[in-house]
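Residues per chain are reported as follows:
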Amino acid sequence: MHQGSRITAVGHYQPARVLTNEDLAGMVDTSDEWIRSRVGIRSRRIAGPDEPVDELAGHAAAKALAAAGLTPADVDLVLVATSTAIDRSPNTAARVAARLGIPSPAALDINVVCAGFTHALATADHAVRAGSAGRALVIGADKMSEVTDWTDRTTCVLVGDGAGAAVVEACGPGEEAGVGPVLWGSVPEMGNAVRIEGTPPRFAQEGQSVYRWATTRLPAIARQACERSGLEPADLAAVVLHQANLRIIEPLAAKIGAVNAVVARDVVESGNTSAASIPLALSKLVERGEITTGDPVLLFGFGGNLSYAGQVVRCP
């Protein structure tokens with residue numbers, strides 16, 4: 001049994017094509033002012049038809065591996081959080097492993113929609129603690145553009161595509177755990193509030209229900225996630241919430257009480273990238289030097305299934 005795990009490196013990837021609010025105003029009845037005032041998004045990245053979700057995931061994972069100074073052969077577990085993989089088998093994790101040349105990993109997809117990355121990170125931490133994995137690649141990747149109705153102005157203004165990844169490794173002897181205990185759960189009877197269903201699958205949500213739930217029920221849960229790590233919200237250096245909507249992120253961050261923390265606002269330039277949003281935003285904070293090694297950061301995912309999962313991690 002190991003004492004715990006830590007994130008040793010992160011990486012992210014976004015497709016090249018930028019879709020601005022002005023572009024959207026030419027597609028549906030909306031405007032830059034309307035979108036910014038309602039959801040705070042300025043632009044988002046959209047993957048091409050020849051860029052499947054496992055390719056986005058593979059790029060982010062390769063960057064994280066390089067940042068960790070590791071080779072694909074060092075990885076024994078690949079977890080991909082996604083809800084937009086079109087094919088069921090081989091799963092996205094297996095395709096990422098094949099792309100990167102990882103020789104014989106356990107390869108699992110985890111579908112908890114927008115809360116997927118923090119669920120996957122907890123799962124990797126548990127596998128390391130149990131001794132069944134030594135080094136894991138944990139990836140959040142979604143191609144929301146592929147499940148979006150581009151004629152529905154209530155949802156198409158929200159979404160973007162991208163991927164983020166973290167390398168999770170066992171802590172050395174006497175080393176403090178860098179991934180705190182997870183607090184996770186769901187509200188099954190309200191699961192229909194966020195949906196990706198049908199043939200072809202399409203994203204839909206009850207925006208008001210999600211907004212109310214996120215701003216009223218989640219702050220106390222996020223504070224409990226801090227408590228599990230033995231920290232006060234005021235101790236946090238950063239808060240990385242699922243990048244759903246700036247109008248959800250800002251009140252939720254304020255109610256958590258993380259008064260000294262940098263609050264990730266990547267939604268402004270990336271839109272809602274579902275499971276990719278937390279690792280994407282975290283990787284950008286690290287890349288820009290807004291947080292430094294060892295800083296305590298709350299990661300908190302929420303959304304589809306009305307699921308949530310949060311934990312405090314130490315910045316790589």
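What you are looking at is a predicted structure, and each value in this text was computed from that prediction instead of being measured.

(A) Quick peek at the pairing of strand β11 (residues 238–241). By the alternation rule, side chains of β11 split into A238 and V240 and V239 and L241, which are all buried. Alignment of β11 against strand β12 (residues 262–263), held across two bridges, turns out to be parallel. Bridging across to β12, A238 finds its partner in V262. Taken together, β11, helix α8 (residues 246–256) and β12 constitute a β-α-β crossover, and its handedness is right-handed. By the bridge criterion, four bridges tie β11 to strand β13 (residues 296–303) in an arrangement that is parallel. Residue V240 lies in a different strand from β13, and its bridge partner there is L299.

(B) Here's a closer look at the pattern of salt bridges. Counting across every chain of the model gives 16 salt bridges. Among the salt bridges present, the one from R36 reaches D32, with a minimum N-O distance of 3.1 Å. Of the two residues, R36 and D32 are both situated in helix α2 (residues 32–39); the distance of four residues between them amounts to about one turn of the helix. Overall, the relative accessible area of 22% leaves D32 in the partly exposed class. The closest approach of N and O atoms between K143 and E146, which form a salt bridge, is 3.6 Å. Residue K143 is classed as buried on the basis of its relative accessible area of 2%. Through salt bridges with shared partners, a single ionic network connects D54, E55 and R99.

(C) View of unusual backbone geometry. With omega at -5 degrees, the peptide bond leading from S89 into P90 counts as cis. Note that P90 resides in the loop between β4 (77–81) and α4 (92–100). The residue after T199, namely P200, is reached through a cis peptide bond having omega -5 degrees. When you line up the elements, P200 lands in the loop between β9 (194–197) and β10 (202–205).

(D) Region of the structure containing the nonpolar core. With 48 residues, the main nonpolar core has L218, L241, L298, F300 and F302 as its most contacted residues. Mapped onto this core, the elements with two or more residues apiece are α2, α6 (207–216), α7 (218–228), β11, α8, α9 (267–270), β13 and β14 (307–314). In terms of residue count, the dominant contributor to this core is α8 (six residues). Excluding its chain neighbours within four sequence positions, the residues that come into contact with F300 are T118, L218, I221, A222, V240, L241, H242, I278, Y308, A309 and G310. Of all hydrophobic cores here, the second largest spans 33 residues; its members include F117, A133, A264 and I291.

(E) Seen up close, the sheet that holds β4. On the basis of which strands lie adjacent, the open sheet formed by five strands has the order β1-β7-β6-β4-β5 and mixed pairing. Looking along the sheet, the strands with just one partner apiece sit at the ends: β1 (5–13) and β5 (106–110). On average, each strand axis in the sheet is inclined to that of its neighbour by 15 degrees, with strand direction left out of account. Of the pairings in the sheet, the one linking β1 to strand β7 (residues 161–170) comprises eight bridges and is antiparallel in character. Within the sheet, the bridge partner assigned to S5 lies in β7 and is A170. Contacting β4, β5 and β6 (135–143), α4 crosses the sheet at an angle of about 135 degrees to β5. Set on the sheet, helix α10 (residues 277–287) makes contact with β1, β6 and β7; between it and β1 the angle comes to about 95 degrees.

(F) Examining the packing of aromatic side chains more closely. Scanning all chains against the criterion turns up two aromatic pairs. Summarising the aromatic geometry, the rings of W213 and F302 are spaced 6.5 Å apart at their centres and angled 70 degrees between planes, so their arrangement reads as edge-to-face. Here W213 is found in helix α6, whereas its partner F302 is found in strand β13, with 89 residues between them in sequence. The pair W213 / F302 is uniform in exposure class, with both members buried. Summarising the aromatic geometry, the rings of F300 and F302 are spaced 6.2 Å apart at their centres and angled 40 degrees between planes, so their arrangement reads as tilted. In terms of burial, F300 and F302 fall into one category: buried. Linked through ring pairs, W213, F300 and F302 together constitute an aromatic cluster.

(G) The environment of Q311, seen in detail. Take Q311: it is sitting in strand β14. With 255 residues separating them in the primary sequence, Q311 and L56 have C-alpha atoms 25 Å apart. Contacts of Q311, omitting those with residues within four sequence positions, involve T118, L121, A122, V179, G180, P181, V182, A225, V297, L298 and L299. Within the local environment of Q311, its side chain forms a polar contact with the backbone oxygen of T118, the two atoms lying 3.2 Å apart.

Conventions and cut-offs
- Residues numbered from 1 in each chain as written.
- Predicted model: local features only at pLDDT ≥ 70, side-chain atom pairs only at ≥ 80, totals over all residues.
- Heavy atoms only, no water.
- Buried < 20%, exposed > 50% of the residue type's maximum accessible area, 1.4 Å probe, protein only.
- Helix = DSSP H or I, 4+ residues; strand = E, 2+ residues; numbered from the N terminus.
- Pairing = 2+ DSSP bridges.
- Right-handed = clockwise from strand over helix to strand, strands pointing away.
- Salt bridge = Lys/Arg side-chain N within 4 Å of Asp/Glu carboxyl O.
- Core = buried A, V, L, I, M, F, W, Y, C linked by side-chain atoms within 4.5 Å.
- Contact = heavy atoms within 4.5 Å.
- Axes fitted to C-alpha atoms, helices over the stretch in contact; angles between N-to-C directions.
- Phe/Tyr/Trp six-rings, centres within 6.5 Å; stacked < 30°, edge-to-face > 60°.
- Polar contact = N/O pair within 3.5 Å; in protein donor to acceptor, adjacent residues only side chain to side chain.

Geometry only, nothing functional implied.
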